[in-house]
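Letter by letter, the chains look like this.
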2 protein chains.
Amino acid sequence: MALDKKLEVCLTPALIHLYDVEQYVVVIIDIFRATSSICYGIENGAEAIIPVAEVEECLAYKEKHPDYLLAAERNGEVVKGFDFGNSPFSYTAEKVSGKTVVLTTTNGTQALYLSRKAKQIAIGSFLNLTALCNWLKTTNENILLVCAGWKYNFNLEDTLFAGAVIEQLKGDGYRLDDPALAANDLFQLGKQDIKQYLKKTSHSERLKQLGIEEDIAFCLNIDTTTAIPVLDGNQLIKLAL
Amino acid sequence: MALDKKLEVCLTPALIHLYDVEQYVVVIIDIFRATSSICYGIENGAEAIIPVAEVEECLAYKEKHPDYLLAAERNGEVVKGFDFGNSPFSYTAEKVSGKTVVLTTTNGTQALYLSRKAKQIAIGSFLNLTALCNWLKTTNENILLVCAGWKYNFNLEDTLFAGAVIEQLKGDGYRLDDPALAANDLFQLGKQDIKQYLKKTSHSERLKQLGIEEDIAFCLNIDTTTAIPVLDGNQLIKLAL
């Protein structure tokens, strides 16, 4: 089989300048917890989720659109006065169905912004893993999996998810770069029990201290949703298939 | 045991700004082939190896010091008119004993330059693995393993070597960051047959095309040397133990 398409992994947003993103369909990955919550919210009927970089931008949206919900988090905690933060449990149908949510997060939004010139941008998490992969296979494009990471550095959970995507796509004639090979190898080590595998990470310890272990378990559920959030203009909406 | 020292991995020079290098002893890693050749050259009695960033700087040294040997390589090949490039086979005792070599390489020199404010900078390769680790244990300092990578991106061979260093140090009470955990896990996957493991990488394929498979095999020999090259001013010399 000719390896005519690329399947690559950008391990942190700080490396994205090394890729010509215009040549790729990009998947943004921020497992704990932004992209997991986005997948869950879109699945649950949120009309749109607008990712922004700064808390101040959230507030500006609220002034224009009082009906918008505001979600903001800094260092893992809800910003005071906002409707909610990044916990996926805030994105139930009861809360978000038919609503627009303005979201700012520490890492995920930055990854989105830096990828904005891509052919298309989709949102990935363990929740929509197989639906996402099935769609990616149909695009016939180069694919770049962009890990949001932690403070611009590599983290294990986002990389492991990239490896899970590669696991489903690698038989389809893609050319893998070294980060993709490594991500897929790490997934082989962790796939039997992802939660257990990730327990050793620094991030896991930090999130535990924030008292959001239930969030972590939720974000590691595989294939509980099928919606694929994609960027349309400045907002994330459900991809029409 | 209190985890009071850090053992971390900077996966590419493009991420080094994320670390306060002044807090660390840094190990520079450029397995194919710069740091392997440096270890071999210092072991074989080279008086000093001077790393520089540009071919032009090499030539400037030669004007002042006609007895210096010049080593330069761009995209894996010896620069025309230079004494030799990065092949470890150029660094035999016969050629380098008692000599000073001015070396420029694509990735390794950049990693060195970007780490220049570290407490101390040492050079690592599979050749001097155990000698290096034994010395690192005695420093009682935070350790940062800096992978030179490939064109500022992650590569498997440098990361695997970082994982090999971590394998020898991790029982000594260091706190590992996520890149260090990943590097050590990748080493677990590759350690039985490192050469075979690396065959799938893009870099391996590229080096093969350059006809330097013997170099690759040489650079994967473990513990064939004991010298630890360290940066002293602007030159690499043998650490006096």
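Everything numeric in this text was worked out from a predicted model, so none of it was measured.

(A) Just the overall build of chain A, in detail. A tally of regular secondary structure across chain A gives 10 helices and 11 strands. Over its C-alpha trace chain A gives a radius of gyration of 17 Å, about what one expects of a compact globule, namely 18 Å for 241 residues. Judged by the C-alpha coordinates and their principal axes, chain A covers about 55 × 35 × 30 Å. Across chain A, contacts joining residues at least 24 apart in sequence account for 77% of those joining residues at least 6 apart. Counting every atom, chain A has about 9,700 Å² of accessible surface; 47% of that belongs to carbon and sulfur. When the 23 basic and 31 acidic side-chain charges of chain A are each reduced to a single mean position, those positions are 1 Å apart.

(B) Broad picture of unusual backbone geometry. The omega torsion of the bond from Phe32(A) to Arg33(A) falls at 5 degrees, within 30 degrees of zero and hence cis. The residue Arg33(A) is located in the loop between strand E2 (24-29) and helix H1 (34-43) in this model. Even without glycine at this site, Lys151(A) takes up a positive phi of about 50 degrees. The phi angle at Tyr152(B) is positive, at roughly 70 degrees, despite the residue not being glycine. Along the chain, the position of Tyr152(B) falls in the loop between strand E8 (142-147) and helix H6 (156-169). Relative accessible area serves as the criterion here: at 31%, Tyr152(B) is assigned to the partly exposed category.

(C) How the structure looks around the relation of the copies chain B and chain A. Once chain B has been moved 0.0 Å along the axis and rotated by 180 degrees, it coincides with chain A to within an RMSD of 0.0 Å. The transformation just described matches what one would write down for a two-fold rotation axis. The share of interface residues of chain B whose copies in chain A are also at the interface is 100%, consistent with both copies meeting through the same surface.

(D) Structural context of the packing of aromatic side chains. Across all of its chains, the model carries 12 aromatic pairs over all chains by this definition. Relative to Tyr24(A), the ring of Tyr19(A) lies with its centre 6.3 Å away and its plane at 80 degrees, an arrangement referred to as edge-to-face. Feature note: the residues Tyr40(A), Phe89(A) and Phe218(A) constitute an aromatic cluster, connected by ring pairs. Taking the ring centre of Tyr113(A) as reference, the NZ or CZ of Arg116(A) above it sits at 4.0 Å. Between the NZ or CZ atom of Lys5(B) and the centre of the ring of Tyr174(B), over which it lies, the distance is 4.5 Å.

(E) Region of the structure containing the interface of chain B and chain A. Each partner contributes to the interface: chain B provides 25 residues, whereas chain A provides 25 residues. Roughly 2,000 Å² is buried in total at the junction of chain B and chain A, and carbon and sulfur atoms are behind 65% of that figure. Taken together, chain B and chain A are joined by two salt bridges. Close ionic contact of Asp185(A) with Lys200(B) constitutes a salt bridge, the shortest N to O distance being 2.6 Å. At the junction of chain B with chain A, the criterion picks out eight residue pairs in polar contact (both at pLDDT 80 or more). Mapped onto the side of chain B that touches chain A, the elements with two or more residues apiece are H6 and helix H7 (178-190) of chain B. Element by element, the count of residues in the side of chain B that touches chain A is highest for H7(B), at seven residues. Among the residues forming the side of chain B that touches chain A, the class breakdown is 14 nonpolar, six polar and five charged.

(F) Looking closely at the state of the cysteines. This model, assessed by the stated rule, comprises zero disulfides over all chains. With no disulfide of its own, Cys219(A) lies 9.8 Å from the sulfur of Cys39(A), the closest cysteine sulfur. Take Cys219(A): its relative accessible area is 0%, and that puts it in the buried class. Looking at Cys58(B), it has no disulfide partner, and the nearest cysteine sulfur is the one in Cys39(B), 19 Å off.

(G) Examining the layout of surface pockets more closely. By volume, the largest pocket amounts to about 670 Å³. If you go around the largest pocket, you meet 25 residues; those closest to its centre are Ser202(A), Glu8(B), Leu176(B), Asp177(B) and Asp178(B). Elements with a minimum of two residues in the lining of the largest pocket: helix H9 (202-209) of chain A together with strand E1 (5-10), strand E9 (174-176) and H7 of chain B. Sort the elements by how many residues they give to the lining of the largest pocket and H9(A) lands first, with four residues. Among the residues making up the lining of the largest pocket, the classes are represented as 10 nonpolar, five polar and 10 charged. The space that makes up the second largest pocket amounts to roughly 560 Å³. Residue lining of the second largest pocket: 23 residues in total, with Glu8(A), Leu176(A), Asp177(A), Asp178(A) and Ser202(B) positioned closest to the centre. The set of elements that each furnish at least two residues to the lining of the second largest pocket consists of strand E1 (5-10), strand E9 (174-176) and helix H7 (178-190) of chain A together with helix H9 (202-209) of chain B. For the lining of the second largest pocket, the element with the most residues is H9(B), which contributes four residues. Residue composition of the lining of the second largest pocket, grouped by class: nine nonpolar, five polar and nine charged.

Rules used in this analysis
Residues numbered from 1 in each chain as written. Chains lettered and ligands numbered in written order. Predicted model: local features only at pLDDT ≥ 70, side-chain atom pairs only at ≥ 80, totals over all residues. Heavy atoms only, no water. Helix = DSSP H or I, 4+ residues; strand = E, 2+ residues; numbered from the N terminus. Rg over C-alpha atoms; globule rule 2.2 N^0.38 Å. Contact = heavy atoms within 4.5 Å. Areas by Shrake-Rupley, 256 points an atom, 1.4 Å probe, with all protein chains shown as cover. Lys, Arg positive; Asp, Glu negative; His and termini not counted. Charge placed at Lys NZ, Arg CZ, Asp CG, Glu CD. Buried < 20%, exposed > 50% of the residue type's maximum accessible area, 1.4 Å probe, protein only. Least-squares fit on C-alpha atoms with pLDDT ≥ 70 in both. Phe/Tyr/Trp six-rings, centres within 6.5 Å; stacked < 30°, edge-to-face > 60°. Lys NZ or Arg CZ within 6 Å of the ring centre and 35° of its normal. Buried area = accessible area lost by both parts, 1.4 Å probe. Salt bridge = Lys/Arg side-chain N within 4 Å of Asp/Glu carboxyl O. Polar contact = N/O pair within 3.5 Å; in protein donor to acceptor, adjacent residues only side chain to side chain. Nonpolar A, V, L, I, M, F, W, Y, C, P; charged D, E, K, R; others polar. Disulfide = S-S within 2.5 Å. 1 Å grid on protein atoms, 1.4 Å probe; cavity = no way out; pocket = protein on both sides within 12 Å on 5 of 7 lines; lining within 4 Å. Points joined across faces, edges and corners; volume = space filled by probe spheres on them.

These values are about where atoms sit, not about what they do.
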